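# Observations on the three-dimensional arrangement
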Protein chains: 2
Amino acid sequence: MRVSKRLKYWGWGYEGDGLSTSDRDALLATLAVEYGINGSRTGAVPTLDDISLPRPRLTPPTGLAPLCTQEPYERVLHSFGQSQPDSIRIFAREFGHAPDVVAYPRNEADVVALMDWAGERGAALIPFGGGSSVVGGVTPDVDDGFSGVATMDMSRMNRVLEVDTHSRAARIQGGARGPELEAALKPHGVTLRHFPQSFQHSTLGGWIATRSGGHFATLYTHIDDLVENVTMVTPAGRMESRRLPGSGAGPSPDRLVVGSEGSLGVITKAWVRVQGRVRFKATAGFRFSDFVQAAGAVRAIAQAGLFPANVRIVDGVELAVNGAGDGSFTLMVVSFESADRPVEAWMGVAAECVLDHGGAPDVDWRSTPDAHLHGAAGAWRDAFIRMPYNREVLTPLGIISDTFESAITWDRFESFYRSVRDATRQAIREATGQEGAVSCRFSHAYPDGPAPYFAFHCAARPESMLEQWSEIKRAVSDAVIAGGGTITHHHAVGRDHMPWYERQRPPLFGNVLARAKTHLDPHGILNPGVLVSSGE
Amino acid sequence: MRVSKRLKYWGWGYEGDGLSTSDRDALLATLAVEYGINGSRTGAVPTLDDISLPRPRLTPPTGLAPLCTQEPYERVLHSFGQSQPDSIRIFAREFGHAPDVVAYPRNEADVVALMDWAGERGAALIPFGGGSSVVGGVTPDVDDGFSGVATMDMSRMNRVLEVDTHSRAARIQGGARGPELEAALKPHGVTLRHFPQSFQHSTLGGWIATRSGGHFATLYTHIDDLVENVTMVTPAGRMESRRLPGSGAGPSPDRLVVGSEGSLGVITKAWVRVQGRVRFKATAGFRFSDFVQAAGAVRAIAQAGLFPANVRIVDGVELAVNGAGDGSFTLMVVSFESADRPVEAWMGVAAECVLDHGGAPDVDWRSTPDAHLHGAAGAWRDAFIRMPYNREVLTPLGIISDTFESAITWDRFESFYRSVRDATRQAIREATGQEGAVSCRFSHAYPDGPAPYFAFHCAARPESMLEQWSEIKRAVSDAVIAGGGTITHHHAVGRDHMPWYERQRPPLFGNVLARAKTHLDPHGILNPGVLVSSGE
């Protein structure tokens, strides 16, 4: 079905893409030397011949056959997302749950026809955008009650349909990936400017379904705020909201769709708010001796109404793991961007906040306009872009490398940070019998609190890597919920976060969602197990 | 039940408050001389003795009796909100639908007890905040299926419970009115900074229930964005969301409550985002020869990422009606505010935008720091504060004076503006046989479109004022929906906008809301007729 480069089924990106040998060696050396984390298994990438797929239980009808494939590569590719447990199971060659059919609808009529067919056949239907879910959102683990599983890959519905530069809005199909939609917007002089880390391999529909968080740290962080209207096809019919810049007419219909994670319908298109392309930019890096001290500076900037494009802090452990520091300092990266006007005045005020809170310049932004490419900020930026490739190196060595993220109000931040960090260290110790490396950064910052983003590395016993990951995941998720945080700030709920999502969610709201599901998806075929438990 | 000044039951504010004789005479003279709108009826304010109330059908049980009153003043006061049809019916002494009981809960346990009692008795329960609804949101017009009507006035639950200055957030009870909550926040150096025109006589719970729009024209316009969490008591139980600065965990539970208009539950308290008190301010007034030309300048400012506190344009008709202009120009008021830093740089960029788009200074903001108190901007500001008092003067004279507001993307704005304005003029002509005055301003402006706010005045035939108003309302609402706008940008749906809200709302979302209602309010007692039709 594909004419261009093939996606890897065992990790991030296209076949042939990945860490360079030197980056790989540097990563492994840092983990070993700095943190004593040594991989012990040397699993090879599974070939298609290695993988035993179950016989397909579904056969698409003649009318839909041209949209469907049952080729092994396609079934394997759609068997997993990009989570740590997904990676462990890939290298363990556990493909028993592979979808029976992968369908590529070309338009809304195809989506409707596929949904009708799945409903009639009692098959589960998994909406699949770019497959970048790190929470089991597209992993087709469904219960035995279904006659089979079809995955609906939206990548053919990838066009920018209309661009309204006057209103700064564009209508885009749900299957458009980041680079595709930005390429189509560029000739119009506008940009959606929503850059999640998964940008290359995630779609507008996926962003809306998962309440994606972009690269920008303040103001319009979540896709939620960029949605002007949305069209969703459900088994019960088509639901399209009115295209409006603002409204006060009842609860927002869009806000039911935003975050629905493929469990209520498939997002086929949306009007989204775009912006003028950035012409003015200033980035600065600052060093702090302590993460909590740096957090104080973030708070000051976030509460000053400056709305920087970025105000990220990265602790010493994360810098060291990624070769961007020696572990002795916390880095802050602040940047301002504008399509319309120079941003130096804004940066000047932010820099004052930082110096007031004990920060010291890493690279001087006034004399080095491309400061973000230099110093620790530049080194971390390079590592950030490579990060998704790390896992396919580490998993086969038996090294668990995972992240999780939350949000918490400032008054509870310090105790939350310490308790979650300590719980993660403790869980690694208990699950693996060894010390791990636990780090933290802020991905986003609000006037009322930050979004702390934790990462951890540890060496697992090869024979029970999945169980050890699960044990750690349980403990850190318990700590997040106990500390008052959200189980996810922008990674979504998927299958992996369900138990904690259900603890976080007001029970009555869960009941309302279950009733929405029953109405919109009466046979319960859409992404079963996500958002609404089958028992509800 | 009240110790302080009594509220008027026939109009806006407290007894004794209202237009001065000179302001009243000036308003009437302008309407007569400029627009030929002459009042012909001279109705007196109805006294309590004039008003015939039906015998109460409900008797509160002993346990609840201390919370309840059936005094005529209270029943009369809670018979209406502040809409034009409410006012017409008040002066026509139509109180046949008065609530049987008015209850003042002191805490959540009281709210639960009152809800249980109403449910058992089959009585409708109308949540009542400040009573400022201009859309029939608190007018207890319910169908005959109910055994009676109780209005639940939240004004005793009016405390600020906690202030977290570190996170810039406060927990406030739903019944707190604007001045009350600001007074309690002030000693902490913070402000909610949400100033709807109804500020004095509306409550936090009411703002959340109706998706209130504040005074500020950009960025955080709706209360939606200021809600950190919310607690709602429903007949099915209590629903409280987690207090978070941001989240990506499923569809937002808060966004179901925001805009629920008392039909799903009663908002008892919420954590809201507060800000530092404003220390720096700059306001400027500009004149344009044409409203559409001025709209172009608003678009430029809204798309420049400057986020002014205000960027309001008011057309010549509205200026003239309010004694702030001679009708020959459109006024723009731009202001910037900050708690942290001088705002001159921001104003400088905005002023350039304005001059580029053909605006001319009204009062020079650089030399006159309190420019908003001078010139046409100052005159309009004074009139804006008085506006809610106009109606009690005009209604008894048979002059209809009403407003409605919408939002529309920029690409459709000009045709929307002309078609709605022309439809309003035409509807007035057809309903009354005379010309009226139709004006427009922008209350809010987004990068992707403005929120046009229309006002109109016309002389009605006294004997059928309500029918004429209804005819005009139908025509303008049809035009708003036909033009692609929302039936309300911040006034809410209430009873008056239901037919158009149902046309605007995606039908499947309407079904989901109906299922939410059935679950949360199984006996359908809460604000019947609002948001969810009884037939659904």
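Before any of the text, the structure's been laid out above.
Below, the structure is looked at part by part.

### As for the interface of chain A and chain B
Taken together, the 81 residues of chain A in the interface contact 81 residues of chain B. In total, chain A and chain B occlude about 6,500 Å² of area from one another, counting both sides; carbon and sulfur atoms represent 60% of this. Counting across the interface, chain A meets chain B through four salt bridges. The residue arginine 243 of chain B makes a salt bridge to aspartate 411 of chain A at a minimum N-O spacing of 3.5 Å. Counting across the chain A and chain B interface gives 36 residue pairs in polar contact (both at pLDDT 80 or more). For the side of chain A that touches chain B, the element with the highest residue contribution is helix α15 (residues 507–520) of chain A, accounting for nine residues.

### Description of the nonpolar core
Grouped together as the largest cluster of nonpolar side chains are 111 residues, with contacts concentrated most on Met332 of chain A together with Met332 of chain B. At nine residues, helix α8 (residues 291–302) of chain A tops the list of elements feeding residues into this core. When neighbours within four sequence positions are excluded, methionine 332 of chain A is seen to be in contact with Ala284, Gly285, Phe286, Phe288, Ala294, Ala297, Val298, Ile301, Val311, Arg312, Ile313 and Val354 of chain A. Within the second largest apolar cluster, 87 residues are counted, among which are Ala170 and Val190 of chain A together with Ile208 and Met239 of chain B.

### With respect to the pairing of strand β3 (residues 124–128) of chain A
Residues and elements named next belong to chain A. For β3, a buried count of five out of five residues is recorded, marking the element as mostly surrounded by other parts of the structure. Where burial is concerned, the two faces of β3 agree: the one with Ala124, Ile126 and Phe128 and the one with Leu125 and Pro127 are both buried. Here β3 runs beside strand β4 (residues 149–153); their pairing, made up of five bridges, is parallel. Its bridge partner lying in β4, alanine 124 is registered against valine 149.

### Things to note about the packing of helix α8 (residues 291–302) of chain B against helix α13 (residues 410–432) of chain B
All names here are of chain B. As a packed pair, α8 and α13 sit with axes 11 Å apart at the nearest point and diverge in direction by 155 degrees. Relative to α13, the element α8 lies roughly antiparallel. Our pair here, α8 against α13, has a crossing hand that is right-handed. Counted together, Phe291, Val292, Ala295, Val298 and Arg299 of α8 and Trp410, Phe413, Glu414, Tyr417 and Arg418 of α13 form the full contact between these two elements. Looking at the contact of α8 with α13 residue by residue, the classes come out as seven nonpolar, no polar and three charged.

### Comments concerning the relation of the copies chain A and chain B
If you rotate chain A by 180 degrees and push it 0.0 Å along the axis, it lands on chain B with an RMSD of 0.0 Å. The transformation relating the two chain copies, once decomposed into turn and shift, fits a two-fold axis.

### Details of the side chain of arginine 255 of chain B
Residue position: arginine 255 of chain B is located in helix α7 (residues 254–257). Given the relative accessible area of 14%, arginine 255 of chain B is considered buried.

### Regarding the side chain of aspartate 224 of chain B
Among the structural elements, aspartate 224 of chain B can be located in the loop between α6 (204–210) and β8 (227–234). The contacts of aspartate 224 of chain B, once residues within four sequence positions are left out, are Arg211, Arg255 and Val258 of chain B.

### Notes on the packing of aromatic side chains
Taken as a whole and judged by the stated rule, the model has 32 aromatic pairs over all chains. Plain terms: the ring middles of phenylalanine 291 of chain A and tyrosine 417 of chain A are 5.0 Å apart, the flat faces sit at 35 degrees to each other, and that makes the pair tilted. Placement of the pair is phenylalanine 291 of chain A in helix α8 and tyrosine 417 of chain A in helix α12 (residues 410–432), with a sequence separation of 126 residues. As far as the burial class goes, phenylalanine 291 of chain A and tyrosine 417 of chain A line up, both buried. Taking the centre distance of 5.2 Å and the plane angle of 80 degrees together, the rings of phenylalanine 80 of chain B and phenylalanine 95 of chain B count as edge-to-face. Of this pair, phenylalanine 80 of chain B sits in the loop between α2 (72–77) and α3 (84–91) while phenylalanine 95 of chain B sits in the loop between α3 and β2 (101–103); the two residues are 15 residues apart in sequence, bridging distant segments of the chain. In terms of burial, phenylalanine 80 of chain B and phenylalanine 95 of chain B fall into one category: buried. Linked through ring pairs, Phe291, Phe404, Trp410, Phe413, Tyr417, Phe442, Phe454 and Phe456 of chain A together constitute an aromatic cluster. A cation over an aromatic ring shows up here: arginine 341 of chain A above the ring of tryptophan 346 of chain A, its NZ or CZ 4.2 Å from the ring centre.

Scoring rules and cut-offs
Residues numbered from 1 in each chain as written. Chains lettered and ligands numbered in written order. Predicted model: local features only at pLDDT ≥ 70, side-chain atom pairs only at ≥ 80, totals over all residues. Heavy atoms only, no water. Contact = heavy atoms within 4.5 Å. Buried area = accessible area lost by both parts, 1.4 Å probe. Salt bridge = Lys/Arg side-chain N within 4 Å of Asp/Glu carboxyl O. Polar contact = N/O pair within 3.5 Å; in protein donor to acceptor, adjacent residues only side chain to side chain. Helix = DSSP H or I, 4+ residues; strand = E, 2+ residues; numbered from the N terminus. Core = buried A, V, L, I, M, F, W, Y, C linked by side-chain atoms within 4.5 Å. Buried < 20%, exposed > 50% of the residue type's maximum accessible area, 1.4 Å probe, protein only. Pairing = 2+ DSSP bridges. Axes fitted to C-alpha atoms, helices over the stretch in contact; angles between N-to-C directions. Parallel < 35°, antiparallel > 145°, perpendicular 65-115°, else oblique. Left-handed = near helix turned anticlockwise from the far one by under 90°. Nonpolar A, V, L, I, M, F, W, Y, C, P; charged D, E, K, R; others polar. Least-squares fit on C-alpha atoms with pLDDT ≥ 70 in both. Phe/Tyr/Trp six-rings, centres within 6.5 Å; stacked < 30°, edge-to-face > 60°. Lys NZ or Arg CZ within 6 Å of the ring centre and 35° of its normal.

Keep in mind that these numbers describe shape and distance, not what the molecule does.
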